[in-house]
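This is what each chain is made of:
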Amino acid sequence: MADAATPTESEQPPSRRRSARTGTRGSGVRRHNLAALLERLHVEGSTSRSELGAGLGLNRSTIADLVQELEECGLVVEQGVASQSGPGRPSPMVHVRPEAAVALAVEVGVESVAVATIGLGGHVFDLASAALPSPGTSPEDLVGLVADLSVSLTRDLPAERVVAVGAAVPGLTRRTDGFVRLAPNLGWKEVPFGAMLAAALDLAPEQVHVANEADLGALGEHRRGAGRGFDNLVFVSGEVGIGAGLVIGGRPMLGAAGYAGEAGHMLVNPTGRRCTCGARGCWETEAGEAALLRAVGPSSTPDADVVRSVLERVEAKDPVALRAVARTGRWLGLGIGNLVNLLNPEVVVLGGMFQTLHPHLREAMMDAVRRQSLDEVLGSLEVVPSALGTSAQLHGAAELGLAGVLADPTVLRPGVPSPVGQ
Ligand SMILES: [Zn+2]
């Protein structure tokens, strides 16, 4: 997992250990340990104090002290004891309080928008979604829709515990201020989406975090889905376009400006079709939804359930649909093989329509992956469907929103000014 290295007890200066209880915001080491403790509970779930101590390399009294401070911040609760397998006193179980810090997670799709309230531990309180009118929704209308959906979702939550918004957008997004440079499948260009969301939701700009949807899908799968336990993963999401999110060495790989992972625009066929980006033969022109639709023939109509209808035809052994899905599998595998050679991941997680069609395109895809990638690089690579389905991006968006509290849990200490400057 991507846990940050935690200083062990022996690495802490003695003076800091002594002053830790009083210097809640002053001690960097203590804050680091509080963050590591909360992070572990948030990702791994309820854990006994003794397991926490062993995992973080901290002694019993230090763990008890840190847990007490997180309790004072309202973030965790001790309840019950771990079942005992050896000698010694039973160890109390520590649990996060999901309602202590909640993110409003937003996923902007081409055909729909979803909003969820997700708390510590990845607990989903509520979820709402709405279809978007075709052929595209203006940023203003979309922000209004998000605001409408969020009203009922947050009604029963204390306002001060809804700490931030995380939003996933299918496009090139500047993380520093949520500015969407380009979202071709939404028809958006140069949209100050983060600022618009903040205004519509009556939040401070620093409470709103916006990122690319595939990057957040990768984050969601890494923390809570099929990528758990792998430090090197590629998430490939097939919707109208194809996006990839990368986690390498346990950390998101975002690139210089945050735009890495535009794998849908890798060249796979120099004589192929023109892409929405203006280039020719991009991966998404061959393995994306439009290519699948062309291959299944004129009887298919482009609507929201198009992949579902292809799936039904495949399950009914319709030969045209079977060939079309195998063709998608071959092009998908060719692109994955390229990514494997480039990045040497341990696991590739498939989202969107690739997850839906995975059982039927798997064989053709894996043949192409094996043909394209070097055996040594391929190693024991696994290509697996998403474990979170359509909520991978929402979980990633929630992680983005909760990152501030996870990095410094003391911001929620009673009496400390709001973490977000309101
Ligand atoms: Zn392209």
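It should be noted that the structure appears before, not after, this text.
Here the structure is a predicted model, which means the values were calculated and not measured.

Thresholds, definitions, all that
Residues numbered from 1 in each chain as written. Predicted model: local features only at pLDDT ≥ 70, side-chain atom pairs only at ≥ 80, totals over all residues. Axes fitted to C-alpha atoms, helices over the stretch in contact; angles between N-to-C directions. Helix = DSSP H or I, 4+ residues; strand = E, 2+ residues; numbered from the N terminus. Parallel < 35°, antiparallel > 145°, perpendicular 65-115°, else oblique. Left-handed = near helix turned anticlockwise from the far one by under 90°. Contact = placed C-beta atoms within 7 Å. Nonpolar A, V, L, I, M, F, W, Y, C, P; charged D, E, K, R; others polar. Pairing = 2+ DSSP bridges. Core = buried A, V, L, I, M, F, W, Y, C linked by C-beta atoms within 7 Å. Buried ≥ 20, exposed ≤ 12 C-beta atoms within 10 Å, placed from the backbone. Bend = angle between axes of the 7 residues up to and from the residue.

**Student:** Can you walk me through the packing of helix H5 (residues 139-154) against helix H6 (residues 193-201) in this structure?
**Tutor:** When two helices pack together, their arrangement is given by the angle between the helix axes and by the axis-to-axis distance. Across the interface, H5 lies against H6 with an axial gap of 9 Å and an inter-helix angle of 40°. As summarised for this structure, H5 and H6 are arranged oblique, according to the angle between their axes. Here H5 runs over H6; the crossing is right-handed. Counting all contacts with H5, which are made through Pro139, Val143, Gly144, Val146, Ala147 and Ser150, the residues of H6 involved are Phe193, Met196, Leu197, Ala200 and Leu201. Considering only residue class, the contact of H5 with H6 consists of 9 nonpolar, 2 polar and no charged.

**Student:** So what exactly am I meant to see when it comes to the sheet that holds strand S11 (residues 208-212) here?
**Tutor:** As a general point, the strands of a sheet are linked pairwise by backbone hydrogen bonds and lie either parallel or antiparallel. The strand order S6-S5-S4-S7-S11 describes an open sheet built from 5 strands, whose pairing is mixed. Either end of the sheet is taken by a strand with one partner, and the two such strands are strand S6 (123-131) and S11. Along the sheet, successive strands turn relative to each other by an average axial angle of 15°, direction set aside. Pairing of strand S4 (residues 102-108) with strand S7 (residues 162-169), which is carried by 6 bridges, proceeds in the parallel orientation. Residue pairing for S7: Ala105 is matched across the bridge by Gly166. Against the sheet, helix H15 (residues 392-407) contacts S4, strand S5 (112-119), S7 and S11, and its axis sits at roughly 140° relative to S7.

**Student:** Teacher, can you tell me more about the sheet that holds strand S2 (residues 76-81) here?
**Tutor:** Ordered by their spatial adjacency, 3 strands build an open sheet running S1-S3-S2, and the pairing between neighbours is antiparallel. In this open sheet, the two edge strands, each paired with only one partner strand, are strand S1 (47-48) and S2. In this structure, S1 lies alongside strand S3 (residues 92-96), joined through 2 bridges in antiparallel fashion. Bridge assignment links Ser48 to a residue of S3, and that residue is Met93.

**Student:** What is the right way to read the nonpolar core from this model?
**Tutor:** Nonpolar side chains tend to gather and get buried jointly when the protein is soluble and globular. Judged by nonpolar contacts, the single largest core of 108 residues is most densely connected at Leu75, Ala103, Val106 and Val236. The greatest single-element share of this core, amounting to 9 residues, is contributed by helix H11 (residues 319-343).

**Student:** Help me understand the environment of Leu402, please; the structure alone is not making it clear to me.
**Tutor:** Its location among the elements puts Leu402 in helix H15. Sequence spacing of Leu402 and Val102 is 300 residues, and the spatial spacing of their C-alpha atoms is 7.2 Å. Setting aside chain neighbours within four positions, we find Leu402 in contact with Ala101, Ala103, Leu120 and Val163.

**Student:** Which parts of the structure should I look at to understand the environment of Thr328?
**Tutor:** Checked against the element boundaries, Thr328 lands in helix H11. Its 27 C-beta neighbours within 10 Å are what place Thr328 among the buried residues. Here the alpha-carbon distance between Thr328 and Met365, two residues 37 residues apart in the chain, equals 8.0 Å. Thr328 has contacts with Ala287, Ala291, Leu292, Leu357 and Leu361, leaving out every residue within four places of it along the chain.

**Student:** Sorry if this is basic, but what is going on with helix H13 (residues 358-372) here?
**Tutor:** Within an α-helix, residues lying three or four positions from one another point in the same direction, as the helix has 3.6 residues per turn. By the largest-angle criterion, Ala364 marks the main kink of H13, which is about 30°. Buried within H13 are the following residues: Leu361, Met365, Ala368 and Val369.

**Student:** Just to check I follow, could you spell out unusual backbone geometry for this structure?
**Tutor:** Peptide bonds are trans in most cases, and residues, glycine excluded, mostly fall at negative phi. A positive phi is found at Asp202, a non-glycine position, where the angle reads about 60°. The class for Asp202 is exposed, based on 10 C-beta atoms found within 10 Å. One non-glycine residue, Lys317, lies in the positive phi region at around 65°. Inspection of the secondary structure puts Lys317 in the loop between helix H10 (306-315) and H11. Accessibility expressed as a C-beta count within 10 Å gives 8 for Lys317, which makes it exposed.

**Student:** Honestly, the pairing of strand S12 (residues 233-238) in this entry has me stumped. Any pointers?
**Tutor:** Consecutive side chains of a regular strand alternate in pointing toward one face of the sheet and then the other. Taken across its 6 residues, S12 has 6 buried, putting it largely inside the fold. Judged by which residues are buried, S12 turns out to be covered on both faces: Leu233, Phe235 and Ser237 on one side and Val234, Val236 and Gly238 on the other are all buried. Relative to strand S13 (residues 242-248), S12 runs antiparallel, the two being bridged by 6 bridges. Note on S13: the bridge partner recorded for Phe235 is Gly245. Strand direction decides the pairing type here: S12 and strand S15 (residues 347-352), joined by 6 bridges, are parallel. Opposite Val234, over in S15, you have Val348 as the bridge partner.

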